[in-house]
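Descriptive analysis of the structure
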Amino acid sequence: MKPKPPNKLGWTKRLRHGLSKTRHSFVHNLERIVRGQRAITPEILDEIEELLISADLGVNTSQTVIDYIQQELKRRELKDYLSIKNGIQERLLQIIGTNHNGLNLTATTAVIMVLGVNGGGKTTTIGKLAYRYQKQGKKVVLAAADTFRAAAVEQLKIWGQRSGAGVIGYQTGADPSAVVYDAATAAKARGADILIIDTAGRLHTKKNLMEELKKMKRVVGRCIPGAPHETLLVLDATTGQNAIIQARQFHQDLELSGLVLTKLDGTAKGGVAIGIVAELGLPIKLIGVGEGLDDLQDFDAQEFVSALFYGEDNEKD
Amino acid sequence: MFDSLSEKLQATFKKLRGHGKLTEKNIQEGLREVKLALLSADVNYKVVKKFIEDVQQKAVGQEVLSSISPGQQVVKIVHRELVELMGESFRQPALAPAPPTVIMLMGLQGAGKTTAAAKLARRFKGERRNPLLVAADPYRPAAAQQLNLLAQQLNVACFIGAPGQTPLKTCRQALSQAKETAIEVVIIDTAGRLHIDEGLMAELTELKQALSPHYIWLVADALTGQEAVRVAQGFEQAVGIDGVILTKMDGDARGGAALSIRAVTGKPIKFVGLGEKLEALEPFHPDRIASRILGMGDVLSLVEKAETLYSEEQAAELEKKLRSNRFTLEDFSSQLKQLKKMGPLENLLELLPGMGNSKALKGLKPDDKQLLHTQAIIDSMTQAERLNHKIINGSRRRRIAVGSGTSVQDINKLLKQFTQMQKLVKRLPKSSAGLGRMRGLPFS
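Criteria and cut-off values
- Residues numbered from 1 in each chain as written.
- Chains lettered and ligands numbered in written order.
- Predicted model: local features only at pLDDT ≥ 70, side-chain atom pairs only at ≥ 80, totals over all residues.
- Heavy atoms only, no water.
- Helix = DSSP H or I, 4+ residues; strand = E, 2+ residues; numbered from the N terminus.
- Buried < 20%, exposed > 50% of the residue type's maximum accessible area, 1.4 Å probe, protein only.
- Contact = heavy atoms within 4.5 Å.
- Areas by Shrake-Rupley, 256 points an atom, 1.4 Å probe, with all protein chains shown as cover.
- Pairing = 2+ DSSP bridges.
- Right-handed = clockwise from strand over helix to strand, strands pointing away.
- Axes fitted to C-alpha atoms, helices over the stretch in contact; angles between N-to-C directions.
- Polar contact = N/O pair within 3.5 Å; in protein donor to acceptor, adjacent residues only side chain to side chain.
- Parallel < 35°, antiparallel > 145°, perpendicular 65-115°, else oblique.
- Left-handed = near helix turned anticlockwise from the far one by under 90°.
- pLDDT = per-residue confidence, 0-100.
- Buried area = accessible area lost by both parts, 1.4 Å probe.
- Salt bridge = Lys/Arg side-chain N within 4 Å of Asp/Glu carboxyl O.
- Nonpolar A, V, L, I, M, F, W, Y, C, P; charged D, E, K, R; others polar.
- Core = buried A, V, L, I, M, F, W, Y, C linked by side-chain atoms within 4.5 Å.
- Phe/Tyr/Trp six-rings, centres within 6.5 Å; stacked < 30°, edge-to-face > 60°.
- Lys NZ or Arg CZ within 6 Å of the ring centre and 35° of its normal.

Further remarks concern the overall build of chain A. Counting its regular elements, chain A contains 11 helices and 8 strands. Here chain A, with 317 residues, has 61% of them falling under the buried criterion. Of all intrachain contacts in chain A linking residues separated by at least 6 positions in sequence, the fraction that spans at least 24 positions is 77%. Taken as a whole, chain A presents about 12,400 Å² of accessible surface, with 48% of it coming from carbon and sulfur.

Before going further, it helps to spend a moment on the pairing of strand β6 (residues 258–262) of chain A. Residues and elements named next belong to chain A. The element β6 is largely enclosed, with a buried count of 5 among its 5 residues. Where burial is concerned, the two faces of β6 agree: the one with G258, V260 and T262 and the one with L259 and L261 are both buried. Where strand β5 (residues 230–236) lies against β6, 5 bridges are found, and the strand directions are parallel. Across the sheet, the residue bridging to L232 is G258, located in β6. Handedness of the crossover is the feature at issue here: the chain leaves β5, passes through helix α9 (residues 242–254), returns alongside β6, and the resulting connection is right-handed. Alignment of β6 against strand β7 (residues 284–288), held across 3 bridges, turns out to be parallel. Bridging across to β7, L261 finds its partner in I287. In this fold, the crossover linking β6 to β7 by way of helix α10 (residues 272–280) has right-handed handedness.

Right, let's get into the sheet that holds strand β3 (residues 157–160) of chain B. Residues and elements named next belong to chain B. What the 8 strands build is an open sheet, ordered β3-β2-β4-β1-β5-β6-β7-β8; its pairing is mixed. Lying at the two open borders of the sheet, with one neighbouring strand each, are β3 and β8 (281–283). For this sheet the average axis-to-axis angle between neighbouring strands, irrespective of direction, equals 25°. Relative to strand β4 (residues 185–190), strand β2 (residues 131–136) runs parallel, the two being bridged by 6 bridges. Bridge pairing links L132 to V186 in β4.

A word on the environment of A:D193. Residue and element names in this part refer to chain A. Tracing the chain through its elements places D193 in the loop between α7 (176–190) and β4 (194–199). Here D193 falls in the partly exposed class, since its relative accessible area comes to 29%. For D193, the contacting residues outside a window of four places in its chain are A107, T108, T109, A110, K138 and K139. Polar contacts involving the side chain of D193 include one to the main-chain amide nitrogen of K139, which spans 2.7 Å.

Let us look at the packing of helix α9 (residues 227–238) of chain B against helix α10 (residues 256–265) of chain B. Residue and element names in this part refer to chain B. Packing of α9 against α10 leaves a shortest axis separation of 9 Å and a crossing angle of 40°. Overall, the two elements α9 and α10 adopt an arrangement that is oblique. Classified by chirality, the crossing of α10 by α9 is right-handed. Of α10, the residues touching α9 (which contributes A228, V229, A232 and Q233) are A257, S260, I261, V264 and T265.

Right, let's talk about unusual backbone geometry for a bit. Cis geometry is found at the peptide bond from A:A227 to A:P228, where omega equals -10°. Turning to its location among the elements, A:P228 is positioned in the loop between α8 (207–223) and β5. Cis geometry marks the peptide bond from B:P99 to B:P100; its omega dihedral reads 0°. Structurally, B:P100 can be placed in the loop between α4 (70–86) and β1 (101–106). The phi dihedral of A:D56 is positive, around 65°, even though this residue is not glycine. Structurally, A:D56 is set in the loop between α2 (42–54) and α3 (58–75).

With that settled, the discussion passes to the confidence of the model for chain A. Summing up the model confidence of chain A, the mean pLDDT is 84 and the portion of residues at 70 or higher is 86%. Long-range and interchain partners of residues 311–317 of chain A, a stretch whose pLDDT sits below 50, account for 11 contacts in this model, where long-range means more than four residues apart.

All names here are of chain B. Buried residues dominate α10, accounting for 8 of its 10 residues. Inspection of α10 places G256, A257, A258, L259, S260, I261, R262 and T265 among the buried residues, and these make up the whole buried set. Positive phi shows up at G266, right after α10, with a value of about 75°.

This paragraph deals with the interface of chain B and chain A. Contacts between chain B and chain A engage 41 residues on the former and 45 residues on the latter. Surface buried jointly by chain B and chain A totals about 3,900 Å² across both partners, of which 57% is contributed by carbon and sulfur atoms. On the surface where chain B and chain A come into contact, there are 2 salt bridges. We note a salt bridge from A:K206 to B:D250, for which the minimum N-O separation is 2.9 Å. Summed over the shared surface of chain B and chain A, the result is 12 residue pairs in polar contact (both at pLDDT 80 or more). Looking at the side of chain B that touches chain A, the elements that each hand over two or more residues are α2 (24–40), α3 (45–59), α6 (143–154) and α9 of chain B. Per-element accounting of the side of chain B that touches chain A gives the leading share, 5 residues, to α2(B). Here the side of chain B that touches chain A is composed, by residue class, of 15 nonpolar, 12 polar and 14 charged.

Attention now moves to α10(A). For α10(A), every residue scored as buried is listed here: A:V272, A:A273, A:I274, A:G275, A:I276 and A:V277. Downstream of α10(A) by one or two residues, A:G281 has phi in the positive range, about 65°.

Before going further, it helps to examine the confidence of the model for chain B. All names here are of chain B. Summarising the model, chain B shows a mean pLDDT of 80, and 75% of its residues fall at 70 or more. Low pLDDT (under 50) marks residues 353–363, which in the prediction has 14 contacts with non-local residues, meaning those over four places away or in another chain. pLDDT under 50 marks residues 430–444. Its contacts with residues more than four places away, or in other chains, come to 20 contacts.

So, about the side chain of A:T123. Residue and element names in this part refer to chain A. Residue position: T123 is located in helix α5 (residues 122–135). Among the residues examined, T123 registers a relative accessible area of 7% and is labelled buried. Only 3.0 Å separates the side chain of T123 from the side chain of D198, close enough to count as a polar contact. Apart from residues no more than four positions distant in its own chain, T123 is found in contact with R149, Q155, L156, W159 and D198.

By size, the foremost hydrophobic cluster in this structure holds 76 residues, and its most contacted members are A:I48, A:I88, A:L195, A:I197 and A:F250. The biggest single contributor to this core is helix α4 (residues 81–96) of chain A, with 7 residues. Ranked by size, the runner-up nonpolar core spans 67 residues in total, among them A:I53, B:L31, B:V47 and B:A257.

Adjacent strands of a sheet form backbone hydrogen bonds with each other and so pair up, either parallel or antiparallel. All names here are of chain A. Strand order in the open sheet formed by 8 strands is β3-β2-β4-β1-β5-β6-β7-β8, with mixed pairing between adjacent strands. For this open sheet the edge positions go to β3 (166–168) and β8 (296–298), each flanked by a neighbour on one side alone. Recorded for the sheet is a direction-independent mean angle of 25° between the axes of neighbouring strands. Across the face of the sheet, helix α6 (residues 152–163) comes into contact with β2 (140–145), β3 and β4 while running at roughly 170° to β2.

Time to look at the packing of aromatic side chains. The relation between two aromatic rings is expressed through the spacing of the ring centres and the mutual angle of the planes. Taken as a whole and judged by the stated rule, the model has 3 aromatic pairs over all chains. Plain terms: the ring middles of B:Y215 and B:W217 are 5.4 Å apart, the flat faces sit at 35° to each other, and that makes the pair tilted. Geometry around A:W159 places A:R162 over its ring, the cationic atom sitting 4.7 Å from the centre.

Looking at where A:T205 falls in the secondary structure, it is placed in the loop between β4 and α8. Along the primary structure A:T205 and A:I245 are separated by 40 residues, whereas in three dimensions their C-alpha atoms are 9.5 Å apart.

Further remarks concern the pattern of salt bridges. All names here are of chain B. For the structure shown, the criterion picks out 21 salt bridges over all chains. A salt bridge links D221 to K248, with the nearest nitrogen and oxygen atoms 2.8 Å apart. On the criterion of sequence distance, the pair formed by D221 in strand β5 (residues 215–221) and K248 in the loop between β6 (243–247) and α10 is long-range, its members being 27 residues apart. In this pair, the class of D221 matches that of K248, namely buried. Several salt bridges converge on common partners, so that one network encompasses E385, R396 and R399.

Below you can see the structure in the form of structure tokens.
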């Protein structure tokens, strides 16, 4: 089948569109809770906390936001809906940080290694990345190092055809490190600008599979000095609090350089990513907002947080 | 953070000793711990709220029992309530009187539909029901190919429509083929879709109307957070759900999603996916997942696992051998094989209470290779050596080491362990109770 036609909307709008269901409930609920209240009582704070938890921010992150609001309540008058909303937004932005640098692709052959649990959207993300860079006139090679899942290599090959990127891959069951080695060699020989490595999905609790990833990372580092230049963890926006444990384990074993948040076109907000950023200090680098080839975007904290909060009443575009 | 829930509760309730009854005031703090624990396990916040209210109601007024601590008492109440909320125990899905029984799987992208479909097919095949897998996902690249490859591995039939064909047409063709051949169960693997994607949801409704499947199961990822409820409601409202398959339960996610889906939709969880291998699909047991959510381990699953592989007679035979000191390396080897059948040691450990995330065990990775080495050593022995390990002298040890690719030290270690075990067994009490407990756990 053909890929879906690229959506014509701008990404901000699309992100907001994707987040809109959440936005409705979040903003509306916040409004419902706060509007018309004379003072912010502990009960109201409890309700706000619940609201944050329902966005998958988790108990800890929600607590820090509530603490902040409580603090600000003492310092200045935070009593109306807007100032509370802004207060939450401010705190979240503080956590995520606003300096958003894109992918580090300055090396002659820049290597991006993509990891994550099963079904997070690794292969799709790689397909979109390949399309993006090929379109920019860069030469991309894809390494099909998911040699476990049936037809994973074929799936990547189809993405390769769509984007025009070369794909190095063998049959299912091949040694993934060998694929990485051959792909790195081929990328250098072909003078590729970017090598993207697709790995098999794995739960962070499988020690031997984590070891396999470490080996792949070592192998590519030997072939191309400094590689991988980006080690990205792909995270499904619907994931709950387990994502923090996942990210911690992947980071500990493989030293991540950033996160990719996928499937933000649903109603999930990926609130857990904020908790991960808070705990591990990892930047969110890319977000996936749809199934089309163009639906992968650079992350922008300001946009992300405000998209989460924009209500119908102050929609700007 | 979760394994410590019962410990936290113990600490919180310590001061309650000596109080006659649990009151609203003195369980408040404990219930806050329960609430935070449930939220961290991704149980939906609305479900948590309602749940805490219920528990509070049941707990208040109960006498503080002297035999167990108030903490345990509350854990017990919480556990019982969780089980109740989780719904009925597993029931084998009944097959339609006129075959084929049609099962349609649906869910978000990446939930594990294709893998779950293959696992179901394997299960039905094991029950001597002839399954047909139908690839009704024309969108994801190579999705049909993936299903086809899995079907080949299982040696079951797989139907793939012509390229570019609608899922409906594919399914219709598959059904008429199933009716002509001796297919008893048709499993339809649909494309992943968002519950808010109206176009794709309409496609499912269309499939439902045209095929009238006997079962429509939602495949849900155990890692899902608060979103689980919205997803389940979305699919329930648009298409209707008969049951749920929960995937990726082999990680350390607590599976609060399961509880939330069940509580909100009232639909039972049917199966859980516990690994990437195709046999890793098990019936859902409410009590076990309640224990897991509370970090209480899953001894029942472990015992049951052991039981299915270990008959009463085998156990009796083993006991006799152990008693009369006729337990040889050969028996040891067959024990190891049994143990291996129970799956990776890592998974087994997780089933033990407190093992799931215990800090002490964090670094301990039970080594399945160790078992393999031991097996290789025993396999490299002669029959005579296996029946009487005492004849294994230095030169025999060297030969065995070469044969098994290990070192003489390894052989020494194994033989030492084996003699120690024999001694240990001799010291066991004569009552069969002691050994009865060993039945399931060969060398615990």
